[in-house]
Structure formats: structure tokens, C-alpha cells
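Coordinate analysis (summary)
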Amino acid sequence: MDRREFIGWVSVSALANFLLVVLTACSSGKDKPQVKQENPKINKIVRKDGFIVLSKVQALSEQGIILDKQNAAKPILIVRNPDNMNLSAINPTCTHQGCLVEWKTATKIFACPCHGSKFSSDGKILTGPAEKPLESFEAKEEDGLVLVKAI
Ligand code: FES
């Protein structure tokens, strides 16, 4: 291969690479397969159906609870009841004198550390001195997100 023939091959190769880059950059992407969203976005705006997204399901699974004090008018504590795998969303403010209740996974109850009131996973009173149940909210999972209707 002489020098002129070599330069010709290099030029053809460079032109082919350039065209490949241009065609790839100009493709519309319509033929690309849809990839399931691995990291769903949290959108804390109230949706038309009244739900707000508070967390990812993965975060709830990893942490066991989600306590949110910022994105609704009231604090919201979300847990998963291990018996039926349903979500429980409650206002963790004890109805006795306002301490924050804690979720006890082993006994599946909310317990108040201040004066000993106990509540079921849906907020009903099990033991006083509290006389009113915890406020509870509708909660659900959707597309890997935890949603609560707390308005
Ligand atoms: Fe919860 Fe008193 S504040 S039992």
C-alpha cells in the first residue's frame, strides 16, 4: 500500500465515523425501548385526586417508617403493617397532650412515650389516658411511590 492509497483509506474511514456520529445524534429516539423509571420523582404537589407523594416505597421498606413534618398541613407517620402489608398513615401527635407516638413493629402498635397511651395500627385507642384516636389518612402505593391523602 503506497502513501496515496493509505491516505484514501484513512479519509473514507474518517468520513464513515463522522456519518455514524451525525446519524446517531439526529435520530429521534422514538425507536428506543421504554425503560421503567428506576428512580421515580417525588412530587409534593397535591394531585387532582387529593393525594400527595410523600416518599418512595423503597425508602419505606428500608427505613420501616416515613415521618413527614413538612409536606402536609400536619405531620404524617406512615408504616407498613406486617400482618396484612397495608400502609397505615396517621398524624403521630398523641391526642392526650401532644407528644409524638412511636411505631412498635414487634407489637404493631403506636405507643406514646409520655404517658403510655397505645393505639392500633389504624390509630384506634388501645390504652389511655388518651381519649381520642389518632387522626388517620388514606394511603396507597402507586408506581413505586407512597401517596397520602391528608387534606
Ligand atoms: Fe401521649 Fe400523654 S401525651 S399519653
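Throughout the structure, instances matching the rule amount to six salt bridges. The salt bridge partner of Lys 140 is Asp 49, with a shortest N-O separation of 3.9 Å. Taken together, the residues span a long stretch of sequence, with Lys 140 in strand 9 (residues 136-142) and Asp 49 in the loop between helix 1 (3-26) and strand 1 (52-56) at a distance of 91 residues. Lys 140 gets classed as partly exposed once you look at its relative accessible area, which sits at 27%. The partner of Lys 104 in a salt bridge is Glu 102, with the nearest N and O atoms 3.2 Å apart. We classify Lys 104 as partly exposed; its relative accessible area is 34%. When its relative accessible area of 38% is taken as the criterion, Glu 102 is described as partly exposed. Each of Asp 49, Lys 140 and Glu 142 takes part in salt bridges that share partners, so that together they form one network.

What counts, and at which threshold
Residues numbered from 1 in each chain as written. Predicted model: local features only at pLDDT ≥ 70, side-chain atom pairs only at ≥ 80, totals over all residues. Heavy atoms only, no water. Salt bridge = Lys/Arg side-chain N within 4 Å of Asp/Glu carboxyl O. Helix = DSSP H or I, 4+ residues; strand = E, 2+ residues; numbered from the N terminus. Buried < 20%, exposed > 50% of the residue type's maximum accessible area, 1.4 Å probe, protein only.

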